[in-house]
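Below are the chains, spelled out letter by letter.
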Number of protein chains: 2
Amino acid sequence: MNSEFTIAVHSLVYLASRPDRMATSDAIARNVNTHPSRIRKVMSLLRKQGYIATKEGIGGGYLLECLPENATLADIYRATSIGSIKPNWCSGDKQGNCSIASQMAAVMDEIFSDTEKKMLQHLEEMTVRDVLERVRIAHR
Amino acid sequence: MNSEFTIAVHSLVYLASRPDRMATSDAIARNVNTHPSRIRKVMSLLRKQGYIATKEGIGGGYLLECLPENATLADIYRATSIGSIKPNWCSGDKQGNCSIASQMAAVMDEIFSDTEKKMLQHLEEMTVRDVLERVRIAHR
DNA sequence: CCATACTGTTATTCTAATGGTTACAGTTGA
DNA sequence: TCAACTGTAACCATTAGAATAACAGTATGG
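Predicted, not measured: the structure shown is a model, and the values here were computed from it.

Novice: For the pattern of salt bridges, give the residues involved together with the corresponding values.
Specialist: Counted by the stated rule, this structure contains 14 salt bridges over all chains. Residue Arg30 of chain A is joined to Asp26 of chain A by a salt bridge in which the shortest nitrogen-to-oxygen separation is 3.7 Å. Here Arg30 of chain A pairs with Asp26 of chain A, and both are found in helix α2 (residues 25-32), just four residues apart, close to one helical turn. Taking the relative accessible area as the measure of exposure, Asp26 of chain A reaches 41% and is therefore partly exposed. Between Arg134 of chain B and Glu110 of chain A there is a salt bridge whose closest N-O contact spans 2.6 Å. Separated into two different chains, Arg134 of chain B in helix α6 (residues 128-139) and Glu110 of chain A in helix α5 (residues 99-123) make up a pair that spans both.

So this is what it looks like as structure tokens:
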């Protein structure tokens, strides 16, 4: 799996932990330990789904728009990494006349897509608030 | 996810489809569309778990040792790709004193590991025989 | 017992994916 | 208008992944 999911979850948890629920890409990047530009790219995806709002200009940054208990990890996964469970590489040969070689890629595709759905059902049960809780408990 | 899982499933399905349940790495590689050496590497993993037997020397190759209806995709995933759901990249800074930055990696680790377990529960319900069936149905 | 046809494994090379960095235009408030 | 932000795209560096080569080990048939 793609690490933009990790970055997105971390960023939202970080925002949720702040009293004003705001931070700049720079502050988030320092906490996440990556480049501000990468944060901005991921935040862009989250903004398009309405989980955060952006304020440009001086005193700007990112603001958590949703309640931490309403943002599920499934939402975040869908916004950042859908399809990433499937490897890029495909086996077989679609054009060939062997039934296995020609159909395997399509069948595996279905299997990966079904598996991802199950994964999402599980991620549906965890929210940004839950993750923040877990972080705080782990910190003791 | 790692494509060795795909190669392993494809190879086992291919073996299951053969009347004698045998094939050389060369024949499997042609069907899967990769290099024989890669097949041998993956088959080595499957052999260690007892799903196939190897015969070296002339007339040798790989033999399906289990019943196709007993080999689940979860078994194959465990043999080839366990842990591959988790990205290599980790956020935060374990040494730092911010509770979020220092704990996030561990919490995400747990989340990925739980998610992988759910995935395995789903893969548990599909066998090599089922995949072969699906391939045959898709071929019509 | 030797030539042949296999597997097992490691090392090397090539390619694609990923993450880091830079650059710069656009936006906003003091 | 300047300074502090975001939005994006482009580029570079690193790493992971796949293909290939190489060769030792093993079994079989002549």
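After that view of the structure, there is still more to cover.
Novice: Just give me the short version of the packing of aromatic side chains, but keep the residues and values in it.
Specialist: The description of two aromatic rings rests on the distance between their centres and on the angle between their planes. The tally for this structure, following the rule as stated, stands at four aromatic pairs over all chains. When the centroid spacing of 6.1 Å and the interplanar angle of 65 degrees are considered together, the rings of Phe5 of chain A and Phe112 of chain B count as edge-to-face. Pair noted here: Phe5 of chain A is in helix α1 (residues 4-17) and Phe112 of chain B is in helix α5 (residues 99-123), and the two residues belong to different chains. Overall, Phe5 of chain A belongs to the buried group, its relative accessible area being 1%. Here Phe112 of chain B falls in the buried class, since its relative accessible area comes to 4%. Centroid distance Phe5 of chain B to Tyr77 of chain B: 5.7 Å. Interplanar angle 75 degrees. Geometry classified as edge-to-face. In this pair, Phe5 of chain B is assigned in helix α1 (residues 4-17) and Tyr77 of chain B in helix α4 (residues 73-80), connecting sequence segments 72 residues apart. In this structure Tyr77 of chain B comes out as buried when scored by relative accessible area, which is 0%. By the ring-pair criterion, three or more aromatic residues cluster together here, those being Phe5 and Tyr77 of chain A together with Phe112 of chain B. The ring of Trp89 of chain B is capped by Arg38 of chain A, whose NZ or CZ atom sits 5.4 Å from the centre of that ring.

Conventions and cut-offs
- Residues numbered from 1 in each chain as written.
- Chains lettered and ligands numbered in written order.
- Predicted model: local features only at pLDDT ≥ 70, side-chain atom pairs only at ≥ 80, totals over all residues.
- Heavy atoms only, no water.
- Salt bridge = Lys/Arg side-chain N within 4 Å of Asp/Glu carboxyl O.
- Helix = DSSP H or I, 4+ residues; strand = E, 2+ residues; numbered from the N terminus.
- Buried < 20%, exposed > 50% of the residue type's maximum accessible area, 1.4 Å probe, protein only.
- Phe/Tyr/Trp six-rings, centres within 6.5 Å; stacked < 30°, edge-to-face > 60°.
- Lys NZ or Arg CZ within 6 Å of the ring centre and 35° of its normal.

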